[in-house]
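Coordinates in review
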Amino acid sequence: MLQPTNGCLQHNGSVDQPSSSSTVNGSATGNGDGQEQSISCNIKGRSSQEIVRLIGQHLKLIGLNQTAEVLMQESGCRLEHPAATQFRHHVMDGEWHKVNADLNELQALVGNSCQYFSDMKFLICEQKYLEYLEDGKVLDALHVLRNELTPLQHNIDKVHILSSYMMCSGRDELMKRANWEGKGHKSRTLLMDMIQQFLPPHIMLPPKRLHMLLTQAVELQRNQCLFHNTTFDDSIETVSLLTDHKCSLNCSYCREQIPCETVQILTEHCDEVWFCRFSPNGKKLATGSKDASIIIYDVDPETLTVEQSITLDGHSYGVSYLSWSPDGELLMACGPEDCPDLWVWNVSTGVLRLKLSHSSDDSLTACSWHKDGQKFVCGGIRGQFYQCDLDGAVLDSWEGVRVNCLWCRSDGKTVLAADTRQRIRSYNFDELSDQNLIQEDHPIMSFTVNKTDRLALLNVVSQGVHLWDLQDKCLVRKFQGVTQGHFSIHSCFGGVNHDFIASGSEDNKVYLWHIKHELPIATLTGHTRAVTCVSWNPVYHQMLASVSDDCTVRIWGPAAKYRKQKSNKSEVKVLANACLSYSNKTSCYSIHNISSLVQFMIYYATFRYILKDHDKNRIYCNINYK
């Protein structure tokens, strides 16, 4: 029987055959006729041998099979164990009667070092079962289901699902319900990729191993850059592998791409501004204020500026919290501690969709939308905690929970709530179950969760900003610099990959951190009173908004040289009308005196100068001078 090797060894430049040799630690013993030989690899050192194998695997992956074979022959290494090669060929050819024997040989070869042969057998039987169904061989598929899949006693739920495919009317329905590529090279390649992950690397390399290592190297270099705020492509096609990604504190380009300069100062509110939030599509910004109004701004993605759109009035207690629906059509607003009401506005029309008020004793200060946009939760520190539909009907309630902040998770049924007992708990309204996730030593004033639904960012009294892992239930990092007392300050994640953290502070500043570093990478100044909330645009990642008790909203962007200037559209329109007024709705201008010609040419030249960056707006003139 063949023995495991380190991936090296050949006889006379050809790959060993399972029936003729065994290998130990890279040398061969036995040639099939009782004589023994000892042939070593031409490549010395384990790392060099593994590099050769990785290169060989990648060459085969991109179709250079002959080059890979020459490399293996010249180096004296082999890509994988001969038994694994034989197993691969039989799987790719769909010779299932031989695959089981190959798998048993691999199991004997590996011994107790691999505990996943049940998983591999299940995957193989599943592929065989689906192929039989696709070919219309229902009896053969039924035989696999009864005599091969079921006796494994592995993943019973999946076996029940597989059995339901017997009722599929045809190939298309089967592929759709099973989310399967169909019989052929593609689905069998995916099968081999899954199986390779279970086998030891000296038998068969993990799939696309070299590509994976290079991707990890590029990602590590990117993570070491504190200012990197561009899309990271896992395919590594957009970066050069010939040089390291060098981006440090001295790299002005990346640093100046971060929103650290004031682009606009908005003064439409007449009292303290408590909250701000960009819409999910990044095209709108909503701000809530003590002056009892919400102002909606339209975002210009080119200039990274905003323009006031509509004002929503009537919040008698002020607006301290806002939450956009997932589709960005509705905006939910809550007030401060004494506010018993909750408002839901249609942002497109400016019409109040719902005003929720159950009791004057309620305190509805926190809210969050479920991911389907059909339900929401709300609550407050007086013990109210409701789940409601879009008509305001209370679907469920949780008694005795004093809520500071709420967040609906992506599973559509779990709600996170920070309460007055310095903790965040998870509540499942469907199962009426709850559990403790996070316990702090000081009150949690607010929190938010990143797009992966795993990391939570907390603003904690006297502590500042803390990053928690919700899955492992552990504190990941404490960010330094921010001043956090008993004010309600809201922080946020930001950047293309949520690699950045931003938070307001009671010392009138905005702090920015890289998610992997405790010290701030930038401190933004300009506000004259406490900064209560920040919001990073989720689509236009070079744009940040902050609000303050100084009654202003600030829009932050990259350095001026990386921003486009806003054109004066009204001036363009006036000049265009002036030019076109000469035409009398014709395409040919008839100019009878030099004064008219000069006046027209001044208008036309000025108009063309302003429109030099607007190629889509052109004037075509024919001048007939008499």
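Residues numbered from 1 in each chain as written. Predicted model: local features only at pLDDT ≥ 70, side-chain atom pairs only at ≥ 80, totals over all residues. Heavy atoms only, no water.

Quick notes on the overall build of the protein chain
Stated precisely, the cut-off is as follows: Strands are runs of DSSP state E lasting at least two residues, helices are runs of H or I lasting at least four, and both sets are numbered from the N terminus onward. Only protein chains enter the accessibility calculation, which uses a 1.4 Å probe; a residue whose area is less than 20% of its type maximum is buried, one above 50% is exposed, and one in between is partly exposed. Contacts are assigned to residue pairs with any non-hydrogen atoms lying within 4.5 Å of each other. Exposure was quantified through the Shrake-Rupley algorithm and a 1.4 Å probe, taking into account, for residues, occlusion by the shown protein chains and nothing else.
When you go through the protein chain residue by residue, the secondary structure sums to 13 helices and 34 strands. Sorting the 626 residues of the protein chain into buried and exposed places 48% on the buried side. Contacts in the protein chain between residues at least 24 apart in sequence constitute 49% of all its contacts with a sequence separation of at least 6. Entry remark: accessible area of the protein chain is about 30800 Å², with carbon and sulfur atoms responsible for 48%.

Examining the sheet that holds strand S5 (residues 261-266)
Applicable threshold: Pairing between strands requires that DSSP locate at least two bridges from one strand to the other. Fitted lines through C-alpha atoms give the axes, limited to the stretch in contact for helices. The angle between two N-to-C directions lies from 0 to 180 degrees.
The 4 strands are arranged S5-S32-S31-S30 in an open sheet whose pairing can be described as antiparallel. The sheet is open, and its two borders are formed by S5 and strand S30 (531-536), each paired with just one other strand. Between one strand and the next, the sheet's axes are offset by a mean angle of 20°, whatever the strand orientation. Bridge count for S30 against strand S31 (residues 544-548) is 5 bridges, and the pairing is antiparallel. Across the sheet, the residue bridging to Val534 is Ser546, located in S31.

Notes on the UniProt feature "repeat: WD" (unreviewed entry) in the protein chain
Defined as follows: UniProt positions are given in the numbering used here, feature names are shortened, and annotations may be inferred rather than shown by experiment.
The UniProt record annotates "repeat: WD" (unreviewed entry) at residues 266-307, 312-343 and 524-556. Measuring from the first to the last C-alpha atom of residues 312-343 gives 10 Å, for a span that is 0% helix and 41% strand. Secondary structure within residues 524-556 divides into 0% helix and 48% strand; the distance between the first and last C-alpha atoms comes to 9 Å.

Some words on the nonpolar core
What counts is decided by this rule: We call a set of buried Ala, Val, Leu, Ile, Met, Phe, Trp, Tyr and Cys residues a nonpolar core when their side-chain atoms join them within 4.5 Å.
With 61 residues, the main nonpolar core has Ile294, Leu342, Phe376, Cys378, Phe447 and Leu458 as its most contacted residues. Counting residues in each nonpolar core, the second largest holds 20 residues, with Ala83, Phe117, Ile195 and Leu199 among its members.

With respect to the sheet that holds strand S18 (residues 403-408)
Within a sheet, neighbouring strands are paired by backbone hydrogen bonds and run either parallel or antiparallel to one another. Spatial ordering of the open sheet is given by S18-S19-S20-S21, a layout of 4 strands whose pairing is antiparallel. The open sheet has two edge strands, S18 and strand S21 (433-439), and neither has a second partner. The average angle at which neighbouring strand axes cross in this sheet is 25°, direction not considered.

What about the side chain of Ser548?
Within the secondary structure layout, Ser548 lies in strand S31. Of the residues examined, Ser548 reaches a relative accessible area of 0% and is grouped as buried. Leaving out residues up to four positions away in the same chain, Ser548 has contacts with Glu272, Val273, His527, Arg529, Ala530, Val531 and Thr532.

Brief notes about helix H4 (residues 96-110)
Structural remark: α-helix, 3.6 residues per turn; residues separated by three or four positions point the same way. Filter applied, for reference: The length a helix should cover is 1.5 Å for every residue beyond the first. Summarising the geometry, the arc corresponds to the directions from the helix axis toward the C-beta atoms.
Over its 15 residues, H4 runs 21 Å from end to end, which matches the ideal 21 Å to within 8%, given 1.5 Å per residue. Residues of H4 that are buried include every one of Trp96, Val99, Asp102, Leu103, Leu106, Leu109 and Val110, and no others. What you see down the axis of H4 is that its buried residues fit within an arc of 120°, all on one side. In this fold, the buried residues of H4 make contact with helix H3 (82-93), helix H5 (117-134) and helix H9 (185-196). Downstream of H4 by a residue or two, Gly111 has a phi angle that is positive, lying close to 75°.

Details of the packing of aromatic side chains
The line we're drawing: Each Phe, Tyr or Trp ring (for Trp, its six-membered ring) is paired with any other whose centre lies within 6.5 Å, and the angle between the two planes then decides the class: stacked below 30 degrees, edge-to-face above 60, tilted in between.
As enumerated under the stated definition, the model contains 10 aromatic pairs in all. With a centroid separation of 5.3 Å and an interplanar angle of 85°, the aromatic rings of Phe385 and Tyr427 are classed as edge-to-face. A residue pair is termed long-range when its members are at least 10 positions apart, and Phe385 in strand S16 (residues 385-389) and Tyr427 in strand S20 (residues 423-428) qualify at 42 residues. Neither Phe385 nor Tyr427 differs from the other in exposure class; each is buried. Residues Tyr511 and Trp513 carry aromatic rings whose centres are separated by 6.1 Å and whose planes lie at 20° to one another, so their mutual orientation is stacked. As far as burial versus exposure is concerned, Tyr511 and Trp513 are alike and both buried. One aromatic cluster in this structure is built from Phe385, Trp398, Tyr427 and Phe429.

Here we look at H3
Its 12 residues place the ends of H3 17 Å apart at the C-alpha level, agreeing with the 16 Å of an ideal helix rising 1.5 Å per residue. For H3, the full list of buried residues reads Pro82, Ala83, Ala84, Phe87, His90 and Val91.

Notes on the environment of Glu337
By the secondary structure assignment, Glu337 is in the loop between strand S11 (330-334) and strand S12 (342-346). With 45 residues separating them in the primary sequence, Glu337 and Arg382 have C-alpha atoms 8.6 Å apart. Excluding its chain neighbours within four sequence positions, the residues that come into contact with Glu337 are Ser363, Thr365, Ile381 and Arg382.

Overview of the pattern of salt bridges
Applied cut-off: Throughout this description, the term salt bridge denotes a Lys or Arg side-chain nitrogen within 4 Å of a carboxyl oxygen of Asp or Glu.
Per the stated rule, a full pass over the model turns up 19 salt bridges. One salt bridge in this structure joins Asp419 and Arg423, with 2.6 Å as the shortest N-O distance. Owing to a relative accessible area of 4%, Asp419 belongs among the buried residues under this scheme. For Arg423, a relative accessible area of 16% puts it in the buried group. Within this structure, Arg454, Asp469 and Asp472 form a network of salt bridges that share partners.

A closer look at the layout of surface pockets
Put simply, the rule is: Lining residues are defined by having an atom within 4 Å of a point belonging to a cavity or pocket. Those points lie on a 1 Å grid over the protein atoms alone, cavities being sets where a 1.4 Å probe fits but cannot get out and pockets being open sets with protein on both sides within 12 Å along at least five of seven lines. Grid points are joined across faces, edges and corners, and a volume is the space filled by probe spheres set on the points. For this classification, the nonpolar set comprises Ala, Val, Leu, Ile, Met, Phe, Trp, Tyr, Cys and Pro, the charged set comprises Asp, Glu, Lys and Arg, and every other residue, Gly included, is treated as polar.
The computed volume of the largest pocket comes to approximately 950 Å³. Lining of the largest pocket is provided by 42 residues; of these, Arg277, Trp407, Thr448, Val449 and Pro538 occupy positions nearest its centre. For the lining of the largest pocket, the secondary-structure elements that each account for two or more residues are strand S6 (273-278), strand S10 (321-324), strand S14 (366-369), S18, strand S22 (444-449), strand S26 (491-494) and S30. When the residues that make up the lining of the largest pocket are grouped by side-chain class, the tally is 21 nonpolar, 17 polar and 4 charged. Estimated volume of the second largest pocket: approximately 790 Å³. If you list the elements that add at least two residues to the lining of the second largest pocket, you get helix H1 (46-61), helix H2 (65-75), H3 and H9. When its residues are assigned to classes, the lining of the second largest pocket shows 10 nonpolar, 8 polar and 7 charged.

Thoughts on a nonpolar patch on the surface
How we decide: Exposure above 30% relative accessible area and the lack of any salt bridge qualify a residue for a patch; like charges then connect within 9 Å, and the nonpolar side chains Val, Leu, Ile, Met, Phe, Trp and Tyr within 5 Å.
On the surface, Leu61, Ile62 and Leu64 cluster together into a nonpolar patch covering about 260 Å² of accessible area. Note on placement: Ile62 falls in the loop between H1 and H2. Accessibility expressed as a relative area gives 48% for Ile62, which makes it partly exposed.

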